[in-house]
Amino acid sequence: RGGGAGGVTPMQGVLLFVVLKFLFTSWLETRQLRELKKRTAPKELKHLVTKKEFSATREYGLDKWHFGFLAATVDVAENIAFLAWGGLAYFWSLSGDLGAYVPAYKWFDGEVRQAVVFTVIYGVATTIMDQPFVLYDTFVIEQKHGFNRKTFKIYLADLVKSLGLMVVLAPPFVTSIVVILRNTGPHVALYLWVFLLAFNLFIMTVYPTVIAPMFNKYEPLAEGALKTKIEALARGLDFPLQKLFVVDASTRSSHSNAYMYGFFKNKRIVIYDTLISQCTEEEIVAILAHELGHWKRRHTPILFASSMTVLLLQLTCYTYVSSWGGLFESFGFSGSKPAFIGMVLFSIVIGPVDVVIGFLSNVLSRVFEYQADRFAVDQGYAKQLKSGLIKLHKENKSDYNIDHLYSAFHFSHPSLIERIKHIDRLGAEAASLAKED
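The rules behind these values
- Residues numbered from 1 in each chain as written.
- Predicted model: local features only at pLDDT ≥ 70, side-chain atom pairs only at ≥ 80, totals over all residues.
- Heavy atoms only, no water.
- Axes fitted to C-alpha atoms, helices over the stretch in contact; angles between N-to-C directions.
- Helix = DSSP H or I, 4+ residues; strand = E, 2+ residues; numbered from the N terminus.
- Parallel < 35°, antiparallel > 145°, perpendicular 65-115°, else oblique.
- Left-handed = near helix turned anticlockwise from the far one by under 90°.
- Contact = heavy atoms within 4.5 Å.
- Expected span 1.5 Å × (residues − 1).
- Buried < 20%, exposed > 50% of the residue type's maximum accessible area, 1.4 Å probe, protein only.

A.B. asks: Mind showing me how you'd approach the packing of helix 10 (residues 299-316) against helix 14 (residues 351-378) here?
C.D. replies: When two helices pack together, their arrangement is given by the angle between the helix axes and by the axis-to-axis distance. Two numbers describe how helix 10 lies on helix 14: the axes approach to 11 Å, and their chain directions differ by 165°. As far as their axial angle goes, helix 14 and helix 10 are roughly antiparallel. The interaxial crossing formed by helix 10 with helix 14 has right-handed handedness. Contact residues: His299, Ile302, Leu303, Val310 and Gln314 in helix 10; Val353, Asp354, Ile357, Leu364, Phe368, Gln371 and Ala372 in helix 14.

A.B. asks: For this particular structure, what's the right way to read helix 15 (residues 382-395)?
C.D. replies: Think of an α-helix as 3.6 residues a turn; residues three or four steps apart then line up on the same face. Taking 1.5 Å per residue as the helical rise, helix 15 with its 14 residues ought to reach 20 Å, and the 20 Å between its terminal C-alpha atoms agrees with that figure. What helix 15 keeps buried is the set Leu385, Gly388, Leu389, Ile390, Leu392 and His393. Once helix 15 finishes, Lys397 follows within two positions and takes phi at roughly 50°, a positive value.

A.B. asks: Is there a simple way to think about unusual backbone geometry in this case?
C.D. replies: Trans peptide bonds make up the majority, and among non-glycine residues the majority have a negative phi. In this model, Arg298 sits at a positive phi of 60°, which is unusual for a non-glycine residue. Assignment of secondary structure puts Arg298 in the loop between helix 9 (281-296) and helix 10. For Arg298, a relative accessible area of 54% corresponds to the exposed category. A positive phi angle, close to 50°, is found at Lys397, a residue other than glycine. Among the structural elements, Lys397 can be located in the loop between helix 15 and helix 16 (404-410). What makes Lys397 buried here is its relative accessible area of 18%.

A.B. asks: Explain the environment of Glu44 to me, please; I cannot follow it from the model alone.
C.D. replies: As for its placement among the helices and strands, Glu44 is situated in the loop between helix 1 (10-36) and helix 2 (51-84). With 377 residues separating them in the primary sequence, Glu44 and Lys421 have C-alpha atoms 9.1 Å apart. Residue contacts for Glu44: discarding those within four places in its chain leaves Ile417 and Lys421.

Laid out in structure tokens, this is it:
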């Protein structure tokens with residue numbers, strides 16, 4: 001709980017966890033590297049991929065692995081140095097000094113203004129520090145392997161918009177957090193949870209309709225066979241489809257996807273233009289049948305309710321963790337104990353819990369993916385879903401050889417082999433039942 005002679009301070013405990021987590025993930029990464037170095041696809045997939053396709057995928061996977069491992073190592077080193085050398089306390093002190101010179105925040109009281117400035121300058125600083133890695137990933141690796149279609153002008157525009165959104169959203173969000181922390185006493189966890197629940201719902205509402213269109217162009221899907229088939233699928237499942245969009249994802253990348261969003265009876269489907277160019281109409285409908293399976297099985301509200309329940313449990317622990325003896329002092333804060341920094345330190349200290357929650361979330365997500373695949377198969381799209389998944393796997397150059405432990409810890413979706421086996425098994429079961437009938 002506290003630091004002292006022969007004891008471990010909260011910060012030392014955090015640093016120890018960071019190192020142990022890095023060692024564990026590095027071990028998983030080395031397992032995956034062995035898989036990536038294999039020169040042939042798994043026997044179950046050999047007949048689905050040519051040598052040229054496999055070689056290109058293997059090279060992409062190895063390039064991404066080496067770059068990802070370097071980026072992760074630098075990130076861990078930066079985090080350790082930042083915490084060990086009192087980076088949080090320094091940024092907090094700097095925020096207090098700078099806040100006095102920011103006219104836009106003059107009407108805040110001291111701690112609220114300082115917390116807003118702290119959030120903005122920390123966010124801007126970390127974003128800028130990440131840019132060398134973003135640039136290399138986008139304009140070297142993704143460019144080399146034929147995925148990047150983003151110009152430097154688009155990159156700069158996206159960066160400016162992202163920073164602008166941070167500056168706009170941070171003040172009201174941070175102000176609300178600080179006000180709640182300082183004025184709700186023993187019920188702070190409940191008030192924080194209600195606010196964060198409302199904020200999440202707000203973001204879920206405005207992101208697809210306001211924020212996403214700032215970065216991409218969304219246009220109604222043109223009249224034609226594809227639109228007719230999708231609308232027929234939606235009608236057959238009683239899916240309240242209101243709008244059907246195509247997004248110009250190809251202006252940034254050749255990676256492809258499709259998703260749905262919206263509350264209650266106001267549902268919308270978005271299809272990447274790259275998906276339309278890569279798959280047949282029947283395969284696209286099958287992929288959307290999978291997505292509608294998530295809706296039919298209520299996976300999105302279940303996941304949201306689960307995450308909000310976990311959040312409430314975590315916030316309940318906040319008052320206990322933030323009052324730990326020596327917590328503020330171990331991170332370089334002496335004298336005052338700002339409420340906002342207490343929340344920041346809490347989010348750092350519960351890192352081990354977040355890792356466990358992340359793993360369990362992946363487990364649940366993979367179960368839901370299997371259920372959505374089953375739903376699509378039950379609608380008669382087994383063959384089309386299987387061929388569509390294989391095409392997307394090839395087009396996105398996703399890894400064929402995947403270590404099972406690496407996959408369990410990192411992936412929210414089953415591997416291609418696992419999904420194909422599952423679809424084939426469902427198809428065999430359906431054929432068997434048909435014979436019996």
